[in-house]
Amino acid sequence: GQCQSLLSADGSSPRSLPRVVNHPAHQFPDGCQTRRQSSGHPPSDETADQPTKFIDGEVSYWSLIRGNKNFRLYLVSYLVTHTGEWFTYVASLTAIEQIQASKGIVSRTSISVLVCLRLLPNVLLTSVGGVIADSHDRRVVMLVLDCVGACVALLFIFAYWLKSINAIYFVNVLQMIVASIYEPNRSSIVTQLVKDEEGLKKANIINGLAWSSMTAVGSCIGGFAAARFGIPICFCIDSLTYIMSASLVWLISGEYKVSKTATEEEVESSSFSLLKQFTTMTRDGVCYLASNCWGVFALFKFCSALVFGAADVLNVSFAERGNGADLDGSSERLGLIFASVGLGCFVAPLIFDHFTRMENPESLERSCLASYMLMAIGCFGMSVVTSFTEIYWCTAIRAGGSSVLWIYSSLLLQKFCSQEMLGRVLSVDYALATLAESISAFGGGFLQDDFGMSAEQVSFLMGVVATTAFVLWTIYLLVVRI
């Protein structure tokens, strides 16, 4: 009943919500896509950077970056922040390994716990970030959270000084609480920075390339920095990157608030509360997603995360090969494995870009299907590796598939969702993905510690999951939906 009576964020009737009709042919009601671009309160012409004009829908990566100053600042901000996060992540993994080695302990479950704890806030609090993104200025929220993140990053130094794994866990949770609220704001502001649909596609691919580049660079340098200069240096660098990001976000011009938080009457009313607003907006977002045929696309990332979630745990296992109880060089190898992740995530989206168009959603869906096959190939390859070189290549293939799926599933949601609901829709999408990732990550460590499975055997199991997801989605897209 709540879904039937759902009101849109601007108070309009249920009929005004953009619904999908005749979905197999991808025919949508007039205004569905343009409403996403025109609703809310986008940056005004006086304050925001003028959007780049593209001729006949042709968009190049360089023209988008060169012609849109605000997006350029946003992109550099994302680059430096993500680099710092990888420094902290690799340093945390290395610190746990060192603390356990000093006590004569080897446990994959402890690594799984770290991965799960980093994901748990995303499951529980991303919806909060989605509500904030739809009710406050997204740029201001990002600026504040960057400042908070800089302070939290310094707490890692104290946790490492205590030589306490639990303290490292705790600070990681704090950092990811900030990140879980930050992510919906970061994802949804892109649709305001870039208005053209093909430009939006390029912007998402650029974001994916930025993530992959910094995964390769940040993780690799972070691994060597942890080994050569010490773990505390990595934490200091992370704090500095947050400060740099905040400075860049501050330079972005314009207002990025899509709706009022509340009317003056609601603020003055004693019955109005932030909790009530959060509950109502979250419920409306879930109902909106469930009431549209394209809402099932929110499960694309969920299925893929069941595959790649265990990857980080397996990466640690593979990185420790060859030295027995001696961990010398493991942080460098771990950094190189993560660099292979970045390489795959960088190359694959560029290849798939030539075969997709925003005006043809079926091309985006086919890319998502193909990505499952890439993940399956990479995982099956990891199950039979005999050298580190093979580990690097199979990791790159698996990561390339997960990157393509992440980008194009996000594009499908951004294409069909209204601007007023986008923050909440993306938060649900992200929360489902992180829930699946945490399940997979914990399972990866649990299967190795309690069932005695090798990293190769767990990789084979991941390949089976990827193949199953490919078959089920193929049946849905080609049979059930028709």
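Scroll up to find the structure.
Residues numbered from 1 in each chain as written. Predicted model: local features only at pLDDT ≥ 70, side-chain atom pairs only at ≥ 80, totals over all residues. Heavy atoms only, no water.

Colleague: Can you lay out empty space enclosed by the protein for me, pointing to particular residues and giving the numbers?
Modeller: Taken as a whole, this structure holds three cavities of 30 Å³ or more when the rule is applied. Considering only enclosed or pocket space, the second largest cavity measures out at about 80 Å³ in volume. Mapped onto the lining of the second largest cavity, the elements with two or more residues apiece are helix H12 (311–319), helix H14 (361–382), helix H15 (388–416) and helix H17 (455–480). When residues in the lining of the second largest cavity are grouped by element, the largest group, three residues, is from H12. (1 Å grid on protein atoms, 1.4 Å probe; cavity = no way out; pocket = protein on both sides within 12 Å on 5 of 7 lines; lining within 4 Å. Points joined across faces, edges and corners; volume = space filled by probe spheres on them. Helix = DSSP H or I, 4+ residues; strand = E, 2+ residues; numbered from the N terminus.)

Colleague: Provide a residue-level description of the pattern of salt bridges, including the pertinent values.
Modeller: Within this structure, the stated rule accounts for nine salt bridges. Among the salt bridges present, the one from Glu-198 reaches Arg-357, with a minimum N-O distance of 3.6 Å. Remark: Arg-357 occurs in the loop between helix H13 (330–353) and H14 and Glu-198 occurs in helix H7 (residues 197–228); sequence separation between them is 159 residues. The exposure class of Glu-198 is buried, given its relative accessible area of 6%. (Salt bridge = Lys/Arg side-chain N within 4 Å of Asp/Glu carboxyl O. Buried < 20%, exposed > 50% of the residue type's maximum accessible area, 1.4 Å probe, protein only.)

Colleague: Describe the packing of helix H11 (residues 299–308) against helix H16 (residues 419–450), naming the residues involved and giving the relevant values.
Modeller: In the contact formed by H11 and H16, the axes pass within 7 Å of each other and the chain directions differ by 20°. Overall, the two elements H11 and H16 adopt an arrangement that is roughly parallel. Crossing angle aside, the handedness with which H11 passes H16 is right-handed. Note on element contacts: H16 touches H11 through Asp-429, Leu-432, Ala-433, Ala-436, Glu-437 and Ser-440, opposite Leu-299, Lys-301, Phe-302, Ala-305, Leu-306, Val-307 and Phe-308. Taken together, the residues that form the contact of H11 with H16 break down as nine nonpolar, one polar and three charged. (Axes fitted to C-alpha atoms, helices over the stretch in contact; angles between N-to-C directions. Parallel < 35°, antiparallel > 145°, perpendicular 65-115°, else oblique. Left-handed = near helix turned anticlockwise from the far one by under 90°. Contact = heavy atoms within 4.5 Å. Nonpolar A, V, L, I, M, F, W, Y, C, P; charged D, E, K, R; others polar.)

Colleague: Requested: an account of the environment of Ala-226, with residues and values cited.
Modeller: When you line up the elements, Ala-226 lands in helix H7. Look at Ala-226 and you get buried, because its relative accessible area is 8%. Distance in space between the C-alpha atoms of Ala-226 and Phe-87 is 8.3 Å, their sequence separation being 139 residues. Non-local contacts of Ala-226, meaning those with residues more than four positions away in its chain, are made with Ile-231 and Cys-234.

Colleague: Residues and numbers for a nonpolar patch on the surface, please.
Modeller: Side chains of Leu-343, Phe-346, Val-347, Ile-351 and Phe-355 sit close together on the surface and give an oily, nonpolar patch of about 470 Å² of accessible area. Along the polypeptide, Val-347 turns up in helix H13. (Patch = residues over 30% accessible without salt bridge, like charges linked within 9 Å, V, L, I, M, F, W, Y side chains within 5 Å. Areas by Shrake-Rupley, 256 points an atom, 1.4 Å probe, with all protein chains shown as cover.)

Colleague: Account for H15, naming residues and giving values.
Modeller: For H15, spanning 29 residues, the distance from its first C-alpha to its last is 43 Å, which sits close to the expected 42 Å at 1.5 Å a residue. Counting buried positions along H15 yields 22 of 29 residues, so the element is predominantly enclosed. (Expected span 1.5 Å × (residues − 1).)

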